[in-house]
Amino acid sequence: MEPAGHTDVAVVGGGIIGLALAWRAAQRGLGVVVVDPAPGGGAAQVAAGMLAPVTELRYGEEALLALGVASNERYAAFAAELEEATGLPTGYRACGTLAVALDSDDREELRELHAFHQRLGLASHWLTGREARRLEPMLAPGVRGGLHVTDDHQVDGRRLAAALVEACERQGVELRRAGAVELLAEGGRARGVRLDDGTGLTADAVVLAAGPHSHRLPGLPAGVLPAIRPVKGQILRLRIPEPYRPFLSRNVRAVVRGQHLYLVPREDGELVIGATSEEQGYDTTVTAGGVYELLRDAHELVPGITELPLVETSAGLRPGSPDNAPLIGRTALPGLFAATGHYRNGVLLTPVTADLLAQELATGVTPDLAKPFSPTRFTTEVC
Ligand code: GLY
């Protein structure tokens, strides 16, 4: 194996989480190499980019809520800093979200969610069906009520990824366009990675940020990381022609036949409709059934979508940890860190994950906010 040099931090995976933490770590003066055959790829190329810690809240996930809210509060400044540093747009849009109910069962569920929001002191306002339609006139006449959540916004994952690639390059992060094929571990600690171009990169710290592939890196000792399961999401992109705009003014979501459905209208006229949730391995095939269900459900919610051009269908993989919360920080193997398992919240949690991990890498101290998300909560005996 030819040597490929040494760095302070080697980040395996150049999706938005790996890039953002590389950018933040480089800003703190660390030498950083991101290892990825195609930096800027990954789930952000597919995701709708909804920043929805409040409307995606589930019972029992209060620690995750705190992390999501912290990240959401950082987003405007994060996006502005990134745009300033690169001259590129991120598509951040502080538009709020309307979650609506299509029948009386949905309405009861939404009322319970509203009560939960109120107990937690979250900004969430109950609307009648008529009030919801006044906010979004394209909603179906049958909408029975809704929650207006003024702090759940959106960003464009593709633009964000492109801006992060540029920001990393300008900050001196080396983007090594190669695959990592083995974790190099010796003397009871991680020492670097071997690359598929035949070279090896040694590093003081290795960060696994490869989404649902993170735990599959050969050389990773058993028990250090749990399996990160891929959860497929199929998604549609429509275009809103000028005369129809704004069409929708904010994110609109609902639970239709037990499936979470959302419509995310971008300022540039793109309308993203997502997403299926399928646990069937590493398959990213777009299926007729997936597209049909999304269109059928979205049509129930906003009948006018059938007039719009359908311009793209795609599928990506959410990285799901065993408890659906992310793994952020040092692992049980000295020198090895993780930033993975963000499941439905990868885009939302990018700024806070980057800040927390860069802080830990630079200072050696685990920030309090990161403690509930320590990768060691899953550690079994390391061999
Ligand atoms: N956060 C939206 C999704 O995972 O589909």
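Above this text sits the structure in question.
Residues numbered from 1 in each chain as written. Predicted model: local features only at pLDDT ≥ 70, side-chain atom pairs only at ≥ 80, totals over all residues. Heavy atoms only, no water.

Asks: Can you help me understand the overall build of the protein chain in this one?
Replies: Each helix and strand in the protein chain was counted, giving seven helices and 18 strands. Taking all 383 residues of the protein chain together, the buried fraction comes to 56%. Relative to all contacts within the protein chain whose residues are 6 or more apart in sequence, the contacts with residues 24 or more apart total 74%. Looking at the protein chain as shown, the accessible area adds up to about 15000 Å², and 50% of this sits on carbon and sulfur atoms. (Helix = DSSP H or I, 4+ residues; strand = E, 2+ residues; numbered from the N terminus. Buried < 20%, exposed > 50% of the residue type's maximum accessible area, 1.4 Å probe, protein only. Contact = heavy atoms within 4.5 Å. Areas by Shrake-Rupley, 256 points an atom, 1.4 Å probe, with all protein chains shown as cover.)

Asks: Any chance you could explain the site of the ligand here in plain terms?
Replies: Around the ligand, the structure places Glu56, Tyr262, Ala275, Arg318 and Arg344. In the environment of the ligand, a nitrogen atom lies 3.2 Å from a nitrogen or oxygen atom belonging to the side chain of glutamate 56. The separation between an oxygen atom of the ligand and a polar side-chain atom of arginine 318 is 2.7 Å. Calculation on the ligand without its partners gives an accessible area of 200 Å², and the protein chains cover 88% of this total. Looking at side-chain class alone, the shell around the ligand contains two nonpolar, no polar and three charged residues. (Near = heavy atom within 4 Å. Polar contact = N/O pair within 3.5 Å; in protein donor to acceptor, adjacent residues only side chain to side chain. Nonpolar A, V, L, I, M, F, W, Y, C, P; charged D, E, K, R; others polar.)

Asks: Which parts of the structure should I look at to understand helix H1 (residues 16–27)?
Replies: In an α-helix there are 3.6 residues to a turn, and that puts residues three or four apart on one side. Compared with an ideal rise of 1.5 Å per residue, which puts twelve residues at 16 Å, H1 spans 16 Å between its outermost C-alpha atoms and is within 8% of the ideal. In terms of residue burial, H1 counts as a mostly covered element, since eleven of its twelve residues are buried. Buried residues of H1: Ile16, Ile17, Gly18, Leu19, Ala20, Leu21, Ala22, Trp23, Arg24, Ala25 and Ala26, and no others. The first or second residue beyond H1 is glycine 29, which carries a positive phi of 95 degrees. (Expected span 1.5 Å × (residues − 1).)

Asks: I'm lost on the nonpolar core in this one. Help?
Replies: Here is a general trend for soluble globular proteins: nonpolar side chains tend to be buried in one another's company. Val11, Leu21, Leu160, Leu164 and Val207 are the most contacted members of the largest nonpolar core, which totals 49 residues. Looking at this core, the elements that each hand over two or more residues are strand E1 (2–12), H1, strand E2 (32–35), helix H2 (62–86), helix H5 (157–170), strand E11 (199–208), strand E18 (336–340) and helix H7 (346–363). Val100, Leu271, Val302 and Leu308 belong to the second-largest nonpolar core, a separate cluster that totals 27 residues. (Core = buried A, V, L, I, M, F, W, Y, C linked by side-chain atoms within 4.5 Å.)

Asks: I'm lost on the pattern of salt bridges in this one. Help?
Replies: A pair can form between side chains of opposite charge whenever their charged atoms are brought close. The final tally for this structure, using the stated rule, is 24 salt bridges. Between arginine 344 and glutamate 56 there is a salt bridge, with the nearest N and O atoms lying 3.4 Å from each other. Taken together, the positions of arginine 344 in the loop between E18 and H7 and glutamate 56 in the loop between strand E3 (50–51) and H2 put the pair 288 residues apart, joining distant regions of the chain. Given a relative accessible area of 18%, arginine 344 falls into the buried group. Two residues, arginine 245 and glutamate 242, come together in a salt bridge whose shortest N-O distance is 3.4 Å. Using a relative accessible area of 30% as the deciding quantity, one classes arginine 245 as partly exposed. On the accessibility criterion, glutamate 242 (59% relative accessible area) is exposed. Counted as one network, the salt bridges with shared partners bring together Asp156, Arg159, Arg237, Arg266, Asp268 and Glu270. (Salt bridge = Lys/Arg side-chain N within 4 Å of Asp/Glu carboxyl O.)

Asks: I tried to follow unusual backbone geometry on my own but got confused; where do I start?
Replies: Note: most peptide bonds trans; most residues except glycine with negative phi. Here the bond from arginine 245 into proline 246 is cis, since omega is 10 degrees, no more than 30 degrees from zero. With respect to the helices and strands, proline 246 occurs in the loop between strand E12 (229–239) and strand E13 (251–256). The omega torsion across glycine 274 and alanine 275 is -20 degrees, close enough to zero to call that bond cis. Within the secondary structure layout, alanine 275 lies in the loop between strand E15 (270–274) and helix H6 (288–301). In this structure, asparagine 324 takes a positive phi of about 65 degrees despite not being glycine.

Asks: Where do I start with the environment of arginine 130 in this structure?
Replies: Residue position: arginine 130 is located in helix H4 (residues 129–135). Take arginine 130: its relative accessible area is 62%, and that puts it in the exposed class. In this structure, the C-alpha to C-alpha distance between arginine 130 and alanine 161, residues 31 residues apart in sequence, is 38 Å.

Asks: So what exactly am I meant to see when it comes to the pairing of strand E14 (residues 259–265) here?
Replies: Working note: regular strand, side chains alternate between the two faces of the sheet. For E14, the tally of buried residues reaches five of seven residues, placing the bulk of the element in the interior. Bridge count between E13 and E14: five bridges; the pairing is antiparallel. Pairing of alanine 254 across the sheet is with leucine 261, part of E14. Counting the residues that bridge the hairpin from E13 to E14 gives two residues, and of these arginine 257 lies at a positive phi of roughly 50 degrees. Taken together, the four bridges between E14 and E15 define a ladder with antiparallel strand orientation. Across the sheet, the residue bridging to valine 264 is valine 272, located in E15. (Pairing = 2+ DSSP bridges.)

Asks: How should the side chain of aspartate 36 be read in this particular structure?
Replies: Relative to the helices and strands, aspartate 36 is located in the loop between E2 and E3. Of the side chains with opposite charge, arginine 177 comes closest to the buried, unpaired aspartate 36, at an N-O distance of 8.1 Å. A distance of 2.6 Å separates a polar atom in the side chain of aspartate 36 from the backbone nitrogen of glycine 14. At 2.8 Å, the side chain of aspartate 36 forms a polar contact with the backbone nitrogen of alanine 38. Apart from residues no more than four positions distant in its own chain, aspartate 36 is found in contact with Gly13, Gly14, Gly15, Arg176, Arg177 and Ala178. (Lys, Arg positive; Asp, Glu negative; His and termini not counted.)

Asks: Sorry, what's going on with the sheet that holds strand E5 (residues 125–128) here?
Replies: Sheet strands line up and pair through hydrogen bonds in the backbone, either parallel or antiparallel. Taken in spatial order, the eight strands of this open sheet run E5-E6-E4-E13-E14-E15-E12-E16, and their pairing is mixed. The strands lining the two open edges of the sheet, one partner per strand, are E5 and strand E16 (310–320). The mean inter-strand angle of the sheet, taken between neighbouring strand axes irrespective of direction, is 20 degrees. Inspection of the sheet shows E12 paired to E15 by five bridges, in the antiparallel sense. Note that in E15 the partner of isoleucine 235 across the bridge is glycine 274. Packing of H6 onto the sheet brings it into contact with strand E4 (97–101), E12, E13, E14, E15 and E16, and relative to E12 it is tilted by some 55 degrees. (Axes fitted to C-alpha atoms, helices over the stretch in contact; angles between N-to-C directions.)

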